[in-house]
Amino acid sequence: MTEAILLVGGRGTRLRPLTVRTPKPMVPAAGVPFLTHQLARARAAGVEHIVLATSYLAEVFEPYFGDGSSLGLHIEYVTEEEPLGTGGAIRNVASRLRSGPDDPVLIFNGDILTGLDIRALVGVHESTGADVSLHLTRVEDPRAFGLVPTDATGRVTAFLEKPQSPEEIVTDQINAGAYVFRRSVIDTIPAGRPVSVERETFPELLANGAHLQGMVDSTYWLDLGTPQAFVRGSADLVLGRAPSPAVPGRCGDRLVLPTATVAADAKLTGGTVVGEGARIGEGARISGSTVLAGAVVEPGAVVTDSFVGAGARIGERTVLTGTVVGDGAVVGPDNELREGVRVWCDTRIPAASLRFSSDQ
């Protein structure tokens, strides 16, 4: 397997305001755009040619990655004029593939952080002679996912969309968002219209007698669809819990990029990232958080499990917990923002305006 399709066209609506100005795969995680980690892991598994299926803010990908040579890859870009869904996006880029009809093609979603052994998935695909092989993972609560039961040999027996009752939960195995397709199968996907691989392509293949094989891989897996998950994923990359050859530094409690300045008595822990040109003031405490390029965290601020956008400013003594602050926003001194708060880009919150506790 030397080819892959990477689906990076989603609008990332659940991640807003992180994705107001930046497509989801380009939001920084552990110091680089998240997509960099996926590309690097694909290259490490032997992939040489990747086609990016883009749509939302498609114009930002190629200026950053170019032809992919800096990563040892050849990257091509195909932009959807109208959203086509997962299956439609795969079919839309098929003409750029060079593989023969029976060759394996790796396909993966642009918002999954995983430690998947890609070579092992390809090995299962080839050894079983499958038409499509799926990475499956087990989760404690599968209600928010599509269930994929398999038989004793790992062959997929059904696709069950998000179960609504306990009786419908027949397995804890879910579709983890990475597949190996036989090249000829891609050409059977209808062209020119929206298609979901989860709801249409896979069930139809199964109904027509195709061989779909599941491989359960219980290594690290995280859907980065929410701000809280994205912050956690970035921290896990820095801490070394999630594997990636693209982390720009040693794994540990903190990752401070060049040109960032951190006061000597500031405390950075829990996989915190401080981006290029950012400034962390005296006595600030930051844990498990991401502070993007050019942002400022002023003296005495406390930031926990939060995301501070590019060029944003967090005022003195302000406390953020589980909060997202968009690019260019200003949160004045002595504010207190807690779990789930999203501050939109360029918003200005005056000093001591929002609190969840007394100001005494």
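All figures in this text were calculated on a predicted structure; none of them were measured in a lab.

**Some remarks on the overall build of the chain**
Okay, so step 1: Within the chain, the regular secondary structure consists of seven helices and 28 strands.
Okay, so step 2: A globule of 360 residues ought to have a C-alpha radius of gyration of about 21 Å, and the chain, at 22 Å, matches this closely.
Okay, so step 3: Considering only C-alpha atoms, the chain reaches an extent of 70 × 50 × 35 Å along its principal axes.
Okay, so step 4: Each of the 360 residues in the chain was classed as buried or not, and the buried ones make up 54%.
Okay, so step 5: The long-range share in the chain, meaning contacts at least 24 apart out of those at least 6 apart in sequence, stands at 52%.

**Some details on the packing of aromatic side chains**
Okay, so step 1: In total, this model carries seven aromatic pairs according to the counting rule given.
Okay, so step 2: Ring centres of tyrosine 64 and phenylalanine 65 lie 4.8 Å apart, and the angle between their planes is 70°; on these two criteria the pair is classed as edge-to-face.
Okay, so step 3: You can call tyrosine 64 partly exposed: its relative accessible area is 47%.
Okay, so step 4: Of the residues examined, phenylalanine 65 reaches a relative accessible area of 7% and is grouped as buried.
Okay, so step 5: Between phenylalanine 159 and phenylalanine 202 the ring centres are 5.3 Å apart and the planes differ by 20°, which places this aromatic pair in the stacked class. With a gap of 43 residues between them, phenylalanine 159 in the loop between strand 8 (132–138) and strand 9 (173–182) and phenylalanine 202 in helix 6 (residues 197–207) connect regions that are remote in the sequence. Across the pair, phenylalanine 202 and phenylalanine 159 agree in class, each one buried.
Okay, so step 6: Clustering of aromatic rings is evident, with ring pairs tying together Phe159, Tyr179, Phe181 and Phe202.

**Some words on the sheet that holds strand 20 (residues 302–304)**
Okay, so step 1: Here we have five strands laid out as an open sheet, ordered 14-17-20-23-26, and parallel in their pairing. Edge positions in the open sheet fall to strand 14 (267–269) and strand 26 (336–337), since each of these has one partner strand only.
Okay, so step 2: Pairing between strand 20 and strand 23 (residues 319–321): three bridges, direction parallel. Across the sheet, residue valine 302 finds its bridge partner in strand 23, namely valine 319.

So, how was this worked out
- Residue positions are counted from 1 within each chain, in the order its sequence is given.
- Where totals are concerned, whole chains, interfaces and linings use all residues; where local detail is concerned, this predicted model gives features only for residues with pLDDT of at least 70, and gives and counts side-chain atom pairs only at 80 or more.
- The basis for the side-chain values is all heavy atoms of the structure; hydrogens and waters are excluded.
- Going along the chain from the N terminus, every DSSP run of H or I of four or more residues is numbered as a helix, and every run of E of two or more is numbered as a strand.
- The globule rule used for comparison is 2.2 Å times the number of residues to the exponent 0.38, while the radius of gyration itself is calculated over C-alpha atoms.
- Think of it in three bands: residues with accessible area under 20% of the maximum for their type are buried, residues over 50% are exposed, and the middle band is partly exposed, with areas taken using a 1.4 Å probe on protein chains only.
- It only takes one pair of heavy atoms within 4.5 Å for two residues to be counted as in contact.
- Aromatic rings from Phe, Tyr and Trp, with only the six-membered ring used for Trp, were paired whenever their centres fell within 6.5 Å, and each pair was classed as stacked if the ring planes differed by under 30 degrees, edge-to-face if by over 60, and tilted otherwise.
- DSSP bridges decide pairing: two strands pair if at least two such bridges lie between them.

Read these as geometric descriptors, not functional statements.
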